[in-house]
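# An overview of the molecular structure
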Amino acid sequence: MKASDILLDGFLPKESGNSRVVKQSLNYYLRFWKLFVISIIVFFLIAYAFIYYSVPVYSVSSTIMLKDDAKGSQFFENPVVKELEEFKSSQITENEVDVLESSELIYEVLEGLDYYNLYYKKNSFGKLEALSDSKLPFNFKVSEVVPNRLTPVEEMKINSIEGEIIQVNVDGVDKTLKFGETIKNEFGIFTFQRNDLTNSFDEFPIIINFFNKQELAWIFGASLKVETKDKNSSILYIMMETEFPERGITIVNGLVDTYNKNALDEKKEVVLSTLTFLDGQLSQLSTELALIQSNVERFKNRRNVVDIENDSKLYQENAVEASKQIVDYQNQLEILKNVQNDLRSNEEKNITLGPLSNNDPALLSMIEDFNKELANLRRLRSSLTPENPVYINSLNSLRNSREKVLSHIQNRIFALEITLKNVETTSSNFSVKSNSGPLVQREYEELTRDLEIKKEHYLYLIKKREETSLYLASVPSSHSKSINKASLYHIPVSPKPALIYSVTLFVSLIIPFGFLFIKRSYDEKLEDKELISQMLPITMLGELSEIPNMEKGLIINESVKTPIAEQLRFVRSSYCMQLKNNLTQVILITSTVSGEGKTFFALNFAKSLAMIGKKTAVLCYDLRKPQAEKSLVDGSVTSLSEFLIDKSISIDQLLSSGISMHGITFFQSGQVPKNPAELMVNERNKELIYNLRQHFDYIIIDSSPVGQVADALSLVPLVDSTIYIMRYNFTSKKDIEFFQQLNQEAKLVDPMVVLNGSKVGQSYAYGYYQYN
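Scope of this entry: the structure provided in the associated data block. (Residues numbered from 1 in each chain as written. Predicted model: local features only at pLDDT ≥ 70, side-chain atom pairs only at ≥ 80, totals over all residues. Heavy atoms only, no water.)

## A short note on helix H5 (residues 103-111)
Note the threshold: When accessible area is computed with a 1.4 Å probe and restricted to protein chains, residues below 20% of their type maximum are described as buried, those above 50% as exposed, and intermediate ones as partly exposed. Runs of H or I in DSSP of at least four residues are treated as helices and runs of E of at least two as strands, each being numbered from the N terminus. Directions are taken from the helix axis to each C-beta atom, and the arc is the one they span.
Turning to H5, its buried residues number three or more, namely Leu-105, Ile-106, Val-109 and Leu-110. Mapping the buried residues of H5 onto a view down its axis gives an arc of 140°, with all of them on the same face.

Structure representation (structure tokens):
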């Protein structure tokens, strides 16, 4: 970190979080630029070899239009038969795509072509190139092909042609053949014949791969693709990607011709079959119609009917009318009998006919006379005695009137009963005839229904036979319309160098990137100081660049201006700025784990303090791991472990045992004691620190890693501040979280952090008046 960054911190806008993360990631990957360069070179060499040795593949395409009325494509439709729905030349475009792509159709095309095998030529570097039939120096004539071959035939290599001699190699064995000689192998029986290119051809060797036509159909069919322009179009694009463009053009054109021929032959076959069927049906219907008409005639004679429907309707109407009359007569009888019963009861009450008032005027007149006599008798009874002659005469008149009415009613009842009986008989006759009508109607309808069906069927078949005959005479000559004949796109579609190199570049970058990404994800090492800044609100004293192992030890003095020396001076300045008084400072130097550079930092930090005239002592309190630097070990002097164990050793004796080195006093740890943890809580530690404060300005305690043993925590009450060492690409995120926990629990006094081992891209290094 540059001093100018510290001075300007807060005055200039900081980078956004996202840009900082991007920059950190970019710097991380740039450290491995050699890996990316090697990956790009290797993959591009592989891509170049692939492109060079790949056999070029060319695209052959053709365009046709199918007749599909639903999609608006109608062409060469015969106007004579355009109204014949059954024979319109239309099809579902999506289904025809599958027909054109079928291997059976390609096999049928190859059956009419003299195509066998596949031919290649090979150059001196082993590169294969397809050889078209028109460039072959011979004609390959097949007499017989072995059918249903289960094993592949060994390829044949033609090394040279000299006159009539052909030098070949089969399965590593050299053989000599002659033009016109009959040859037999697992493929079949064939001969080589000379052509116009035999003498001039010099691009040997020629590789022959033997295939029968069924196998060739599979090979070419796999590269055939048929597509529609869009879902609303009947235009088909036929494309074939093949190493043999000459054959591809012939096959695609043959595919369209064979497709049209098969479709028309199929349509003619259907029409002829339809005519045969119609003739048979018409003959059978003629016989059936004659039989049905004869049965209808006999039925009418037997049932004695002319018009069954009208006769049945008339009988039904008469039966309904008779039923109404019966009900009317029954009602009249019931009323008359009720009147008769009332008169016979000799009750003195008025008589009424009700609904029959208008049916019998004579009876109505008699009843009116009766009611008048009754009313007169009632009047006389109120003023005369029963013995009065006038009263007796009125009573006799009433009796005579009753007898007269009863006599008339009796005659009327007798006449109605006779009429009712006659009507009932007539109704019964009508009902029988009406009820038998449905049976007769059903029998008649069965006969006439068959007759009508047969007539309609006969007329329909006559019409269809005429239409079929008309269509047969007007079948179109093609099933599809050719828009573009098969043509060749002269630029190979495979391999595609631009695409391959693009993919190669992507792969060559993504593979090392992926490797580094996974490595980085699982390492979880400290890579940037921002990670600490985000996790911890802690004082950052500075950063130290990574140095080779050979330079470790004391690397700073007054004359050294190296980047690492300048960084140590910066850390010293940063620390001094944190001081709140001028008293002696006891500084605990620790880290989470061993190897983060705390001893290296303790010595050089102490030296930097000594360079500004401060008396500085370094206590090696890592009793479990004595210092390995030989210059710091002196067996003749008292060590810290001896002082803590042996209480007979005085403070003055220990102070006199300090090793003076480059302006600092170093107190060695000594031999590893049996109980280092217990010695850390020894009261002599407090006594030692107290006395050292009287003699030194700065006391640097190089302790054991606090993340591995708790020794350093025992010294925390004796110190004024703590410098925690972390190392780039060594300290893990868990170690940082451990330090964060210590800080939150206040187990360290005034903790500050120094980052060790920074590399290019992680911080700025410092030089003598220049940036490195």
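Read on for the rest.
## So, the pattern of salt bridges
Filter applied, for reference: What makes a salt bridge here is a side-chain nitrogen of Lys or Arg within 4 Å of a carboxyl oxygen of Asp or Glu, nothing more.
Under the counting rule described, the total for this entry stands at 14 salt bridges. Residues Arg-569 and Glu-566 are paired through a salt bridge, measuring 3.2 Å at the closest nitrogen-oxygen approach. One end of the pair is Arg-569 and the other is Glu-566, both in helix H13 (residues 563-578) and three residues apart, which spans about a single turn. Where Lys-747 meets Glu-745, a salt bridge forms, and the shortest distance between an N and an O atom there is 3.0 Å.

## Points about the nonpolar core
Quick reminder of the rule: Note on terminology: a nonpolar core comprises buried Ala, Val, Leu, Ile, Met, Phe, Trp, Tyr and Cys residues joined through side-chain atoms within 4.5 Å. Throughout, a residue-residue contact means that at least one pair of heavy atoms, one from each residue, lies within 4.5 Å.
Within the largest apolar cluster, 40 residues are counted, with the highest numbers of intra-cluster contacts made by Leu-619, Tyr-621, Phe-667, Leu-688 and Ile-701. Discounting residues that sit within four places of it in the chain, Ile-701 has contacts with Val-586, Ile-587, Leu-588, Ile-589, Leu-619, Tyr-621, Ile-689, Leu-715 and Val-719. One finds Ile-564, Ile-587, Ile-659 and Ile-723 within the second-largest nonpolar core, a separate group that totals 34 residues.

## Here we look at the pairing of strand E1 (residues 57-66)
What counts here: Here the rule is simple: two strands pair whenever DSSP picks up at least two bridges between them.
Most of E1 is tucked away, with eight of its 10 residues classed as buried. The sheet contact formed by E1 and strand E12 (residues 235-242) spans eight bridges and is antiparallel. Bridged to Ser-61 within E12 is Met-239.

## Description of the sheet that holds E1
Definition in use: Helix axes are fitted only over the stretch in contact, all axes being lines through C-alpha atoms; the angle between N-to-C directions runs from 0 to 180 degrees.
The strand order across the open sheet formed by four strands is E11-E12-E1-E13, and the pairing between neighbours is antiparallel. For this open sheet the edge positions go to strand E11 (224-228) and strand E13 (480-494), each flanked by a neighbour on one side alone. Each neighbouring strand pair of the sheet contributes to a mean axis angle of 20°, computed without reference to strand direction. Packing of helix H4 (residues 93-101) onto the sheet brings it into contact with E1, E11 and E12, and relative to E11 it is tilted by some 170°.

## Focus: the environment of Asp-114
In this fold, Asp-114 is placed in the loop between H5 and strand E2 (118-122). Put simply, Asp-114 and Phe-140 are 26 residues apart on the chain and 8.9 Å apart in space, counted from C-alpha to C-alpha. Setting aside residues up to four positions removed in sequence, Asp-114 forms contacts with Phe-140 and Lys-141.

## Topic: the packing of aromatic side chains
The test is simple: Two rings from Phe, Tyr or Trp (for Trp, the six-membered ring) form a pair when their centres are within 6.5 Å of each other. A pair whose planes differ by under 30 degrees is stacked, one over 60 is edge-to-face, and the rest are tilted.
Going through the model one piece at a time under the given rule, you end up with 23 aromatic pairs. Judged by centre distance (5.7 Å) and plane angle (65°), the ring pair of Phe-140 and Phe-192 falls under edge-to-face. Taken together, the positions of Phe-140 in strand E4 (residues 138-145) and Phe-192 in strand E9 (residues 188-194) put the pair 52 residues apart, joining distant regions of the chain. Look at Phe-140 and you get buried, because its relative accessible area is 8%. On the basis of relative accessible area, Phe-192 is assigned to the buried category, the value being 0%. Taking the centre distance of 6.2 Å and the plane angle of 20° together, the rings of Phe-513 and Phe-517 count as stacked.

## A closer look at the sheet that holds strand E6 (residues 165-170)
Here we have six strands laid out as an open sheet, ordered E3-E2-E10-E5-E6-E7, and antiparallel in their pairing. Of all strands in the sheet, those bounded by a partner on one side alone are strand E3 (128-130) and strand E7 (173-178). With strand direction ignored, the average angle separating the axes of adjacent strands in the sheet is 30°. Examined bridge by bridge, E2 and E3 share three bridges and lie antiparallel to one another. Residue Lys-121 lies in a different strand from E3, and its bridge partner there is Glu-129.

## Notes on the pairing of strand E21 (residues 751-758)
We apply this condition: We call a crossover right-handed when, viewed with the strands running away from us, the connection from the first strand over the helix to the second turns clockwise.
Where burial is concerned, most of E21 is hidden: eight out of the eight residues are buried. Bridging between strand E14 (residues 539-545) and E21 involves five bridges; their strand directions are parallel. What sits directly across from Glu-543, in E21, is Leu-755. As defined by bridge partners, strand E20 (residues 721-727) adjoins E21 across six bridges and the pair is classed as parallel. When the bridges of E21 are listed, Arg-727 appears paired with Asn-756. Each parallel crossover has a hand, and for E20 linked through helix H20 (residues 733-744) to E21 it is right-handed.

## Concerning helix H6 (residues 213-222)
For clarity, the cut-off: Within 3.5 Å is the distance limit for a polar contact, defined as a pair of N or O atoms, with the added protein rule that one can donate a hydrogen and the other accept it, and that residues adjacent in sequence qualify only through two side-chain atoms.
Residues of H6 that are buried: Lys-213, Glu-215, Leu-216, Ala-217, Phe-220 and Gly-221. The N-capping residue of H6, defined by a side-chain oxygen 3.2 Å from the backbone nitrogen of Gln-214, is Asn-212.

## Let's talk about the side chain of Glu-596
For clarity, the cut-off: For this count, His and the chain ends are skipped, Lys and Arg are scored as positive, and Asp and Glu as negative.
Tracing the backbone through its elements, the reader meets Glu-596 in the loop between strand E15 (585-591) and helix H14 (598-610). Of the side chains with opposite charge, Arg-727 comes closest to the buried, unpaired Glu-596, at an N-O distance of 8.0 Å. Within the local environment of Glu-596, its side chain forms a polar contact with the backbone nitrogen of Val-593, the two atoms lying 3.1 Å apart. Excluding anything up to four places from it in sequence, Glu-596 contacts Ser-591, Ile-725, Met-726, Arg-727, Phe-730, Thr-731 and Asn-756.

## Brief notes about unusual backbone geometry
Omega for the peptide link from Phe-204 to Pro-205 comes to 0°, which places this bond in the cis form. Within the secondary structure layout, Pro-205 lies in the loop between E9 and strand E10 (206-209). Cis geometry is adopted by the peptide bond preceding Pro-495, which originates at Ser-494 and carries an omega value of -5°. Residue placement: Pro-495 occurs in the loop between E13 and helix H11 (497-523). Not every positive phi belongs to a glycine, and Ala-746 is a case in point at roughly 55°. Positionally, Ala-746 belongs in the loop between H20 and E21. A relative accessible area of 61% means that Ala-746 is categorised as exposed. Its identity is not glycine, yet Asp-750 carries a phi of approximately 40°, on the positive side. Positionally, Asp-750 belongs in the loop between H20 and E21. Classification of Asp-750 by relative accessible area gives partly exposed; the value is 40%.

## Let's talk about the packing of H5 against H6
Keep this limit in mind: Each angle gets one of four labels, with under 35 degrees taken as roughly parallel, over 145 as roughly antiparallel, 65 to 115 as roughly perpendicular, and the rest as oblique. Each crossing gets its hand from how the near helix is turned against the far one by less than a right angle, where anticlockwise is left-handed and clockwise is right-handed. Classification convention: Asp, Glu, Lys, Arg as charged; Ala, Val, Leu, Ile, Met, Phe, Trp, Tyr, Cys, Pro as nonpolar; all other residues, Gly among them, as polar.
In the contact formed by H5 and H6, the axes pass within 9 Å of each other and the chain directions differ by 125°. The angle between the axes of H5 and H6 places the two elements in the oblique class. Helix-helix and strand crossings are classified by hand; for H5 and H6 the assignment is right-handed. On H6, the residues that touch Ser-103, Ile-106, Tyr-107, Leu-110 and Glu-111 of H5 are Lys-213, Gln-214, Leu-216, Ala-217, Trp-218, Phe-220 and Gly-221. Taken together, the residues of the contact of H5 with H6 sort by class into seven nonpolar, three polar and two charged.

## Some details on the side chain of Ser-639
Mapped onto the fold, Ser-639 is located in the loop between strand E16 (616-620) and helix H15 (640-645). A relative accessible area of 1% means that Ser-639 is categorised as buried. Residues in contact with Ser-639, not counting those within four places in the same chain, are Leu-654, Gln-668, Ser-669 and Gly-670.

## Let's talk about the packing of H13 against H14
Between H13 and H14, the shortest axis-to-axis distance is 9 Å and the interhelical angle comes to 70°. Put simply, H13 runs roughly perpendicular to H14. Taken together, the residues of H14 that come into contact with H13 (itself represented by Leu-568, Val-571, Arg-572 and Tyr-575) are Phe-601, Asn-604, Phe-605, Ser-608 and Leu-609. In terms of residue class, the contact of H13 with H14 is made up of six nonpolar, two polar and one charged.

## Focus on empty space enclosed by the protein
Empty space left among the atoms is revealed by rolling a probe the size of a water molecule over them. Where we set the bar: Only protein atoms enter the 1 Å grid used here, on which a cavity is any set of points holding a 1.4 Å probe that cannot leave and a pocket is any open set flanked by protein within 12 Å on both sides along at least five of seven lines; residues with an atom within 4 Å of a point are listed as lining. Grid points are joined across faces, edges and corners, and a volume is the space filled by probe spheres set on the points.
Counting across every chain of the model gives one cavity of 30 Å³ or more. Its volume calculated, the largest cavity comes out at about 30 Å³. Along the walls of the largest cavity sit Ser-62, Asn-253, Val-256, Asp-257, Ser-482 and Lys-485, which together make up its complete lining. Every element with two or more residues in the lining of the largest cavity is listed here: helix H7 (245-303) and E13. Top contributing element to the lining of the largest cavity by residue count: H7, with three residues. Residues belonging to the lining of the largest cavity are distributed by class as follows: one nonpolar, three polar and two charged.

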